[in-house]
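# Coordinate inspection notes
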Amino acid sequence: MLSFDLTEDHRLLAQSVREWAGREVAPRIHDLDRAHRFDPAILPQMASLGLLGISIPVEYGGAGMDYIALGLASEELEYVDTSLRVIMSVHVGLNSLTLLAWGTEDQKQRYLVPQAQGRKIASYALTEPSAGSDVRGLQTVAIKKGDRYLLTGEKMWISLGDVADHFLVFAYSDLEKKKQRDTSGISAFIVERGFKGFSSGTLEEKWGILAGNTGFFKMEDVEIPQENLVGREGEGFKIAMFALDQGRYTVAAGATGLIRACRDASVTYAKTRKTFGVEIGEHQLVKEMIAQMESDYEASRLLWLRSGWLKNQGRRNTKETGLAKWFSTVASERAASDAVQIHGANGYSDEYPVGRFYRNCKAAVIYEGTREIHKIMQADYLLGYRTDRPTRCSLPAWEGKA
Ligand SMILES: Cc1cc2nc3c(=O)[nH]c(=O)nc-3n(C[C@H](O)[C@H](O)[C@H](O)COP(=O)(O)OP(=O)(O)OC[C@H]3O[C@@H](n4cnc5c(N)ncnc54)[C@H](O)[C@@H]3O)c2cc1C
């Protein structure tokens, strides 16, 4: 039976995340953001709330909750700051849920369990300086040598790139297929920060999500044991797309939280600021912006909830999750722009949070499939064109796993 009510467990979870983020992070976020400082002390706090393994089964060290819980946590975290939700996206969505689906039992014990318990932090590394939407352009290679692979290459724009302990890394293991730009030559590997030949740094010139770490790393003949190959050789592209189905779900729910934050800040401001003798909320054009935020919030929320509902049942959701991500991130950009507008010049200063929302929302319109790539995917479904094209919105993940 269809129900729009959250369960008691879901309500309590959302409340506890809201209270924690409101108490522990909200009062400091302005300073962290201005200082461009990622605070690693946030990670153990999130771990103690069970967030770092929220939808990982208890047997693998997680909290054993479902996808709706993951979405709710993502929404509440991004209500306070995007950097918090990004942790959920890469650590839980892109990495841990992918290991749960594709990892061997040994990989789950060695990597998933400590990640779910929050003892180790994980991220996902697909992007390279010359390969973003066009995944076929990867330059990183994995050369097989006996029972090891030697990985060489550079990964760019990696969330928690200078922080995480474990990375899910994608590389061409078939050099002939690399020449032909054939994604069936890509494989997935677990790389540890501590492996010899690995070095990382932080991207300092970023202008949004400033309280979050975004980095790059280089691998020079990094020796990866055979046991760290995820899936089979050549399954890397499918695994990368499967991971994006999980990650972009958290992005969609997070963008929904950002719209809510814009709406709430705008309502508060519209009731305090007066022009022409009345609160600005009395002006119809201001009302229109607030009403648009409300409709964008509700529509975005329904979209990610539907996607989570499909995920809970193990049903395919690439199209639905892509739509949720596309719609909500574009709507969050509109909401943040209008929130700044409603605040007038005050919106253009760091004294109010809406400027931070505006800077933060843009990245989500770019990562985990750009707005344009998502549009292509939605149109291709309708037109019946190839949906297995090797961009960041491909379907083949569904060949193997839900
Ligand atoms: C803050 C931040 C965090 C990130 N974190 C991660 C991470 O943790 N891991 C990771 O792997 N990556 C991460 N990324 C990288 C992100 O996924 C890529 O930036 C994204 O996939 C786009 O790739 P690109 O930047 O190379 O743009 P490009 O692919 O070069 O695209 C440039 C422009 O061309 C458009 N375009 C490209 N191809 C087409 C087409 N076929 N049709 C129409 N338009 C097209 C795009 O939509 C875009 O507007 C992050 C990025 C940011 C900004």
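Conventions we followed
Residues numbered from 1 in each chain as written. Predicted model: local features only at pLDDT ≥ 70, side-chain atom pairs only at ≥ 80, totals over all residues. Heavy atoms only, no water. Helix = DSSP H or I, 4+ residues; strand = E, 2+ residues; numbered from the N terminus. Buried < 20%, exposed > 50% of the residue type's maximum accessible area, 1.4 Å probe, protein only. Contact = heavy atoms within 4.5 Å. Lys, Arg positive; Asp, Glu negative; His and termini not counted. Charge placed at Lys NZ, Arg CZ, Asp CG, Glu CD. Patch = residues over 30% accessible without salt bridge, like charges linked within 9 Å, V, L, I, M, F, W, Y side chains within 5 Å. Areas by Shrake-Rupley, 256 points an atom, 1.4 Å probe, with all protein chains shown as cover. Salt bridge = Lys/Arg side-chain N within 4 Å of Asp/Glu carboxyl O. Core = buried A, V, L, I, M, F, W, Y, C linked by side-chain atoms within 4.5 Å. Near = heavy atom within 4 Å. Polar contact = N/O pair within 3.5 Å; in protein donor to acceptor, adjacent residues only side chain to side chain. Nonpolar A, V, L, I, M, F, W, Y, C, P; charged D, E, K, R; others polar. Axes fitted to C-alpha atoms, helices over the stretch in contact; angles between N-to-C directions. Parallel < 35°, antiparallel > 145°, perpendicular 65-115°, else oblique. Left-handed = near helix turned anticlockwise from the far one by under 90°. Disulfide = S-S within 2.5 Å. Expected span 1.5 Å × (residues − 1). Arc of directions from axis to C-beta.

### Looking at the overall build of the protein chain
For the protein chain, the helix and strand inventory stands at 13 helices and 10 strands. Taking the principal axes of its C-alpha atoms as reference, the protein chain extends roughly 80 × 45 × 40 Å. Going through the 402 residues of the protein chain one by one, you find that 55% of them count as buried. Sequence-distant contacts, at least 24 apart, represent 75% of the contacts inside the protein chain between residues at least 6 apart. Across the protein chain, 50 positive and 52 negative side-chain charges occur, with their mean positions spaced 2 Å apart.

### A short note on a nonpolar patch on the surface
Together, Leu-2, Phe-4 and Leu-302 make up an exposed nonpolar region whose accessible area comes to about 380 Å². Summarising the element assignment, Phe-4 is placed in the segment before helix 1 (8-34). By relative accessible area, Phe-4 is classed as exposed at 65%.

### Digging into the nonpolar core
Counting residues in each nonpolar core, the largest one holds 85 residues, and the members touching the most others are Leu-151 and Phe-170. One finds Tyr-269, Met-293, Ala-335 and Ala-336 within the second-largest nonpolar core, a separate group that totals 22 residues.

### Quick notes on the environment of Tyr-67
Looking at the secondary structure, you find Tyr-67 in helix 3 (residues 67-80). Discounting chain neighbours no more than four positions away, the residues touching Tyr-67 are Leu-97, Gln-246, Tyr-249, Gly-308, Lys-311 and Asn-312.

### A closer look at unusual backbone geometry
Most peptide bonds take the trans form, and the phi angle of most residues other than glycine is negative. Notably, Trp-157 is not glycine yet its phi reads approximately 55 degrees, a positive angle. By the element assignment, Trp-157 lies in strand 3 (residues 148-159). In this structure, Arg-181 takes a positive phi of about 55 degrees despite not being glycine.

### Some remarks on the site of the ligand
Among the 18 residues in the neighbourhood of the ligand, the closest are listed as Thr-127, Ser-133, Trp-157, Thr-370 and Glu-372. In this structure, Thr-370 approaches the ligand through a side-chain N or O atom, which is 2.6 Å from an oxygen atom. Look at the ligand: alone it shows 970 Å² of surface, and the protein chains cover 66% of it. Elements with a contribution of two residues or more to the shell around the ligand: strand 1 (122-125), strand 3 and helix 12 (371-383). Residue contributions to the shell around the ligand peak at 3 residues, all from strand 3. Classifying every residue of the shell around the ligand by side-chain character gives 10 nonpolar, 5 polar and 3 charged.

### Some remarks on the packing of helix 4 (residues 82-102) against helix 7 (residues 236-272)
For any two helices packed against each other, the geometry is given by the interaxial angle and the distance between the axes. The geometry of helix 4 relative to helix 7 is characterised by a closest axis approach of 8 Å and an angle of 150 degrees between their N-to-C directions. By the angle between their axes, helix 4 is roughly antiparallel relative to helix 7. The chirality of how helix 4 crosses helix 7 is right-handed. Every residue of helix 7 that contacts helix 4 at Thr-82, Arg-85, Ser-89, Gly-93, Leu-94, Leu-97, Thr-98, Ala-101 and Trp-102 is listed here: Lys-238, Ile-239, Phe-242, Ala-243, Leu-244, Gln-246, Gly-247, Thr-250, Val-251, Gly-254 and Leu-258. Split into classes, the residues belonging to the contact of helix 4 with helix 7 amount to 10 nonpolar, 8 polar and 2 charged.

### With respect to the packing of helix 3 against helix 8 (residues 284-312)
Remark: helix 3 packs on helix 8, axes separated minimally by 8 Å, with the N-to-C direction vectors making an angle of 150 degrees. Comparing the axis directions of helix 3 and helix 8 gives the class roughly antiparallel. Between helix 3 and helix 8 lies a crossing whose hand is right-handed. Listed contacts from helix 8 to Tyr-67, Ile-68, Gly-71, Leu-72 and Glu-75 of helix 3 are Tyr-297, Arg-301, Trp-304, Leu-305, Gly-308, Trp-309, Lys-311 and Asn-312. The residue inventory of the contact of helix 3 with helix 8, partitioned by class, reads 7 nonpolar, 3 polar and 3 charged.

### Brief notes about the environment of Thr-82
Mapping Thr-82 onto the fold places it in helix 4. With relative accessibility at 1%, the residue Thr-82 sits in the buried group. Taking the C-alpha atoms as reference, Thr-82 lies 9.4 Å from Ala-364; in sequence the two are 282 residues apart. If we skip the residues at most four places from it in the chain, Thr-82 touches Ile-209, Leu-258, Asn-360 and Tyr-367.

### Side note on the state of the cysteines
For the structure shown, the criterion picks out 0 disulfides. Cysteine Cys-262 shares no disulfide, and the gap to the nearest cysteine sulfur, in Cys-361, comes to 7.1 Å. Cys-262 sits in the buried class, given a relative accessible area of 0%.

### Quick word on helix 12
Taking 1.5 Å of rise per residue, the 13 residues of helix 12 would be expected to cover 18 Å, and the 18 Å separating its terminal C-alpha atoms lies within 8% of that figure. Among the residues making up helix 12, those that are buried are Ile-373, His-374, Met-377, Gln-378 and Asp-380. For helix 12, the angular spread of the buried residues around the axis is 160 degrees, confining them to a single face. For helix 12, the exposed residues lying more than 90 degrees away from the buried face are Leu-382 and Leu-383. Phi turns positive one or two residues past the end of helix 12, at Gly-384, with a value near 75 degrees.

### As for the side chain of Ser-332
Note on placement: Ser-332 falls in helix 9 (residues 318-342). You can call Ser-332 buried: its relative accessible area is 2%. In this structure the side chain of Ser-332 is engaged in a polar contact, spanning 2.7 Å, whose partner is the backbone oxygen of Thr-329.

### Describing the side chain of Thr-256
The residue Thr-256 is located in helix 7 in this model. Judged by its relative accessible area of 0%, Thr-256 falls in the buried class. Once residues within four sequence positions are removed from consideration, Thr-256 is found in contact with Glu-75, Tyr-297, Ser-300, Arg-301, Trp-304 and Ser-328.

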